[in-house]
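What follows is each chain in one-letter form.
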Amino acid sequence: MNNESKIAYFSMEIGLEARMPTYSGGLGVLAGDTIRSAADLKVPMVAVTLLQRKGYFRQKLDASGWQTEEPVEWTVESILEEIPKKTFVTIEGRNVYLRSWKYEVNGIGDFKVPVYFLDSDLPENSEWDRTLTHFLYGGDQYYRLCQEVILGIGGVRMLRALGYENIKRFHMNEGHASLLALELLNEQAGKTGREPTRPEDIEAVREQCIFTTHTPVPAGHDQFPIELIRRIIGPREEIFKIKDIFLYNNLFNMTYLALNMSRFINGVAKKHGEVSQLMFEGYTIDAITNGVHAATWTTKPFQNLYDRYIPGWREDNFSLRYALSIPKHEVWEAHAFAKNELIQHVNRETGAAMDTDVLTLGFARRSTTYKRGELLFQDGERLKRISSEVGRFQVIYAGKAHPQDSAGKEIIKRIFHAKESLKANIKIAYLENYDMEKGKLITSGVDVWLNTPQPPLEASGTSGMKAALNGVPSLSVLDGWWIEGYIEGITGWSIGEAGRGAEASSDWSNDALSLYNKLENIVIPLFYHDRDRFIEMMRSSIALNGSFFNTQRMMLQYVLRAYF
Ligand SMILES: *Cc1c(COP(=O)(O)O)cnc(C)c1O
């Protein structure tokens, strides 16, 4: 078999298409965009993930905004190619057999990056084991650990079974995949027929691994009781002779395993790199700021505009800086087209009766406490006053809460509540079932992209980058990528002060005040009374941020700094 890929990319979720519910949010979308850019740049990569046959859920919202979840059945067989080669992992002493399904990501130069979806739903497995690749983030700790065994250990074995013998680097997208290091240790020792407990084995494996961390809070890191690990992957006592590589607070910690076994470790924005460095003392944490795949997230009217004014922009995203020379009226026309598409969709789906001439703000992301989705509604009276005295605006929301995140579900309810109580003054819509397709529709169709995370918890954030590629400036708290992307009054506006970070406790009322002041004094007047300058900001967003915060630039940095 001709399998020359040199870099294996492991991710628990990968977002390739909206019709494949194999991702939950930012992590998966980033994985998909990473692979798309690797294919464009002809980086010899192969990717591994789990099939998630029942998908991440379909979100239903009732009249009060309460979320319920429905499984998404998707037609695996009609999208992916079944690969006959099988392998197995050992879970609690029994063999769990795996097959894989292949999807090929085709780059602009027709270079292909294969993605293998591991699948345990085979007749030779028990009924329970057959469900292990069904649900993304679906079960309890036991289910989760079994999935990580399949991804990390099963993933390496599947690549070997498929003939990938020459992989130079294993890239772990988050700690979910870090058990792959144990399998590599095993292989290392297997060559000489002894236990994988020698420092030189660890050194040899470390030379092959790259770890990207995404979680700026310790509680977000995967860890498991030692007894559970023993039960599931054990007995394998040789592993516990080298427990320093994974033991943290007496737990088996996937993040520490990845940290200890990687030659290159990075956070996903400069600030996140610093925050991670403070969190993981004694390790060297680099930073490579995330991006998005430019052609994927640029809506048709802007694609056409770039094709005419910046030929070659797909091959060379840096050239988007020439957007500064696109005539302003054409930028506005492309935007008006995208906005109209969105408003029509929103009115059709929600009956919100929104108006294309009204300043439209967008906020769409996973509904979870730190994203502070309801920060805008801290002071309803002030909002009403701004809308009636300064200029009208309307707001489009979307986002799923994790099924077990009841606080996240409550946030959606509170946004629904605000929607009702403000409806005489401000039109608000909440779109159901946020996915990649809706993400593109919303980020490209609104006038201003809003983001209000609690610093420093937004490791990077990527939806504002999608907005920038479509000429949509951001109004955002200074956290994650926006610290690097914001130039006040040029690419967007900040909420709160610059330079706030890990050390500053977040202050809802100050941030809300800052948000209201910006809306009242700057954003709304600019939109209605100085359209020319507003469009200039749209162009600068493309030229300064679209040209840089893309996965093409990101992949080049991984190639230069992490892979080779
Ligand atoms: C881009 C995207 C995300 C990530 O957005 P953030 O700004 O990082 O929160 C999540 N979900 C979907 C469907 C997306 O398209």
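In this text the structure is predicted, and so the values were computed from the model without any measurement.

1. Notes on the site of the ligand
Turning to step 1, where the next piece is worked out: With respect to spatial proximity, 13 residues lie near the ligand, and among them Lys-371, Gly-461, Thr-462, Ser-463 and Lys-466 are the closest.
Turning to step 2, where the next piece is worked out: Note that an oxygen atom of the ligand is positioned 3.0 Å from one of the backbone N or O atoms of Thr-462.
Turning to step 3, where the next piece is worked out: Here an oxygen atom of the ligand sits 2.6 Å away from a polar atom, N or O, in the side chain of Lys-466.
Turning to step 4, where the next piece is worked out: In isolation the ligand offers 390 Å² of accessible surface; the protein chains occlude 94% of this area.
Turning to step 5, where the next piece is worked out: Within the residue set of the shell around the ligand, elements represented by two or more residues are α1 (26–40) and α17 (463–469).
Turning to step 6, where the next piece is worked out: Looking at the shell around the ligand residue by residue, the classes come out as 4 nonpolar, 5 polar and 4 charged.
Turning to step 7, where the next piece is worked out: Both of domain 1 (7–291 + 555–563) and domain 2 (294–548) provide at least three residues apiece to the shell around the ligand.

2. Focus on the pattern of salt bridges
Turning to step 1, where the next piece is worked out: In this structure the tally under the stated criterion is 40 salt bridges.
Turning to step 2, where the next piece is worked out: The salt bridge involving Arg-231 is made with Glu-92; its shortest N-O contact spans 3.2 Å. Separated by 139 residues along the polypeptide, Arg-231 in helix α7 (residues 226–233) and Glu-92 in the loop between β5 (81–91) and β6 (94–106) bring together distant segments of the chain.
Turning to step 3, where the next piece is worked out: The exposure class of Glu-92 is partly exposed, given its relative accessible area of 32%.
Turning to step 4, where the next piece is worked out: The shortest N-O distance in the salt bridge between Arg-263 and Glu-207 comes to 3.0 Å. Of this pair, Arg-263 sits in the loop between α9 (254–260) and β13 (264–267) while Glu-207 is found in the loop between α6 (199–206) and β9 (209–212), placing the two residues 56 residues apart along the sequence.
Turning to step 5, where the next piece is worked out: Residue Arg-263 is classed as partly exposed on the basis of its relative accessible area of 32%.
Turning to step 6, where the next piece is worked out: Given a relative accessible area of 38%, Glu-207 falls into the partly exposed group.

3. Quick word on the sheet that holds strand β11 (residues 247–248)
Backbone-to-backbone hydrogen bonds join strands into a sheet, with any given pair of strands oriented parallel or antiparallel.
Turning to step 1, where the next piece is worked out: In space, the 3 strands of this open sheet follow the order β10-β12-β11, with antiparallel pairing throughout. Of all the strands in the sheet, the pair left with one neighbour each is β10 (223–225) and β11.
Turning to step 2, where the next piece is worked out: In terms of strand pairing, β10 meets strand β12 (residues 251–253) through 3 bridges, oriented antiparallel. Pairing of Gln-223 across the sheet is with Asn-253, part of β12.
Turning to step 3, where the next piece is worked out: Packed on one face of the sheet, α7 meets β10, β11 and β12 and runs near 85 degrees to β10.

4. A few points about helix α14 (residues 380–390)
Turning to step 1, where the next piece is worked out: Buried residues of α14: Arg-382, Leu-383, Ile-386 and Ser-387, and no others. The arc that holds the buried residues of α14, viewed along the axis, is 135 degrees, so those residues lie on one side. Exposed and oriented more than 90 degrees from the buried face of α14 are Glu-381, Ser-388 and Glu-389.
Turning to step 2, where the next piece is worked out: In this structure, the buried side of α14 is in contact with β16 (393–398) and α19 (508–529).

5. Section: the domain arrangement of the protein chain
Turning to step 1, where the next piece is worked out: As assigned here, the protein chain comprises domain 1 (7–291 + 555–563) and domain 2 (294–548).
Turning to step 2, where the next piece is worked out: On a C-alpha basis, the centres of domain 1 and domain 2 stand 32 Å from each other.
Turning to step 3, where the next piece is worked out: In total, domain 1 and domain 2 occlude about 3200 Å² of area from one another, counting both sides; carbon and sulfur atoms represent 61% of this.
Turning to step 4, where the next piece is worked out: Contact with domain 2 buries area across many residues of domain 1, yet Gln-59, Trp-66 and Lys-271 alone supply 19% of it, more than any other trio.
Turning to step 5, where the next piece is worked out: At the junction of domain 1 and domain 2, the tally comes to 2 salt bridges.
Turning to step 6, where the next piece is worked out: One salt bridge connects Glu-484 with Lys-270, and the closest N-O pair in it is separated by 3.7 Å.
Turning to step 7, where the next piece is worked out: Linking domain 1 to domain 2 there are 11 residue pairs in polar contact (both at pLDDT 80 or more).
Turning to step 8, where the next piece is worked out: The class makeup of the residues in the side of domain 1 that touches domain 2 is 17 nonpolar, 12 polar and 9 charged.

6. A short note on unusual backbone geometry
Turning to step 1, where the next piece is worked out: Following Pro-455, the chain continues to Pro-456 via a peptide bond in cis, the omega torsion being 0 degrees.
Turning to step 2, where the next piece is worked out: In this structure, Glu-174 takes a positive phi of about 80 degrees despite not being glycine.
Turning to step 3, where the next piece is worked out: Residue placement: Glu-174 occurs in the loop between β8 (169–173) and α5 (180–190).
Turning to step 4, where the next piece is worked out: One non-glycine residue, Asn-250, lies in positive phi territory at about 65 degrees.
Turning to step 5, where the next piece is worked out: Tracing the chain through its elements places Asn-250 in the loop between β11 and β12.
Turning to step 6, where the next piece is worked out: Residue class for Asn-250 comes out exposed when judged on its relative accessible area of 62%.

About the thresholds
- Residues numbered from 1 in each chain as written.
- Predicted model: local features only at pLDDT ≥ 70, side-chain atom pairs only at ≥ 80, totals over all residues.
- Heavy atoms only, no water.
- Near = heavy atom within 4 Å.
- Polar contact = N/O pair within 3.5 Å; in protein donor to acceptor, adjacent residues only side chain to side chain.
- Areas by Shrake-Rupley, 256 points an atom, 1.4 Å probe, with all protein chains shown as cover.
- Helix = DSSP H or I, 4+ residues; strand = E, 2+ residues; numbered from the N terminus.
- Nonpolar A, V, L, I, M, F, W, Y, C, P; charged D, E, K, R; others polar.
- Domains from an automatic or database assignment.
- Salt bridge = Lys/Arg side-chain N within 4 Å of Asp/Glu carboxyl O.
- Buried < 20%, exposed > 50% of the residue type's maximum accessible area, 1.4 Å probe, protein only.
- Pairing = 2+ DSSP bridges.
- Contact = heavy atoms within 4.5 Å.
- Axes fitted to C-alpha atoms, helices over the stretch in contact; angles between N-to-C directions.
- Arc of directions from axis to C-beta.
- Buried area = accessible area lost by both parts, 1.4 Å probe.

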